[in-house]
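In case you want the letters, here they are:
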Amino acid sequence: MSLAGLTLDAWRGLAPATAVRVARDAAARVGGRVVRVDAVEHLGAQLHRALIERDGQEFALIPGGRVTLGFDAAAWRPTPAQSADYARSAARGYGYATDLKGHLAQVLSPRREVTLAAVLMAVEGEHLTEPPARTPSALAARGLRMPTSDEWEHACGAGARTLFRWGDDCPLDRVPYDDPTGPQHTPNAFGLRIAYDTYTTELTSDPSVVRGGDGGESVCGGYGTLLGWLPLATANVNPAMAEFAYGEDGEDLYEDFTVRPVLAL
């Protein structure tokens, strides 16, 4: 199996021994070593998970190909509890629409199909050491780059079309900050620690989009429980926080933002 043709479906369908060989090939290309290749249950079937270490940093192998991204808010059916929770937030002046579906349509990327290359993506995000405008060159000096917005979303959801990477639901009696054992703390299907803390703000190569959190704005602002979880939604793009991060107000706070480095294959 060539890395150039490593689609999500092809990766899922490999025999375990072949998956190990593919992981070793990927590691050799970047001067790294395979840490682990195992499998997890994901979307009703087994999915290989390969972790590769280079220069003391762990990366997960993310297959590419033609993938479906975004969220179809119009087709989604919220639970009565989710709708009621959002209605309480809207009554206090929070949210972008009177109903939950309308709000989701404005804060989540639309359903679409894109073609992506297989890459290695850092298991953990890292804090910026330079302002956002200089981050690409700082990463390039280490042989790395920023993820594209589509790459981040695909790596987070791993083919799931649900609201969150773990499903459509979330606890409605607490916000993520108050939930130390919740589903957000489990590594995702590719082995990434991603979309786990709303106080995190991950930058991508698209300056109009940030991912994985809102810097704690929803929690500190008292937006409500569901709105407190939505920054962790796989398709959440958060343009307002992106404008802050790349604007004058965020210039001196760049060390609070993170980026998830990518190694091209």
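Provided above is the structure to which this section pertains.
Residues numbered from 1 in each chain as written. Predicted model: local features only at pLDDT ≥ 70, side-chain atom pairs only at ≥ 80, totals over all residues. Heavy atoms only, no water.

**Quick notes on the side chain of Asn238**
Among the structural elements, Asn238 can be located in the loop between α8 (225–229) and α9 (239–246). For Asn238, a relative accessible area of 13% corresponds to the buried category. Asn238 has contacts with Val107, Val210, Gly213 and Asp214, leaving out every residue within four places of it along the chain. (Helix = DSSP H or I, 4+ residues; strand = E, 2+ residues; numbered from the N terminus. Buried < 20%, exposed > 50% of the residue type's maximum accessible area, 1.4 Å probe, protein only. Contact = heavy atoms within 4.5 Å.)

**Details of the sheet that holds strand β9 (residues 210–211)**
Strand order in this open sheet of 4 strands is β7-β10-β8-β9, and the pairing throughout is mixed. The two strands at the open ends of the sheet, each matched to only one other strand, are β7 (126–127) and β9. Bridge analysis of strand β8 (residues 202–203) against β9 gives 2 bridges, and the strand direction is antiparallel. Paired with Glu202 across the two strands is Arg211, which belongs to β9. (Pairing = 2+ DSSP bridges.)

**Notes on a negative patch on the surface**
A contiguous patch of negative charge on the surface is contributed by Glu248, Asp249, Glu251 and Asp252. Position of Glu251 relative to the elements: it lies in the loop between α9 and β10 (258–259). (Patch = residues over 30% accessible without salt bridge, like charges linked within 9 Å, V, L, I, M, F, W, Y side chains within 5 Å. Areas by Shrake-Rupley, 256 points an atom, 1.4 Å probe, with all protein chains shown as cover. Salt bridge = Lys/Arg side-chain N within 4 Å of Asp/Glu carboxyl O. Lys, Arg positive; Asp, Glu negative; His and termini not counted. Charge placed at Lys NZ, Arg CZ, Asp CG, Glu CD.)

Interpretation in functional terms is not warranted from these geometric data alone.
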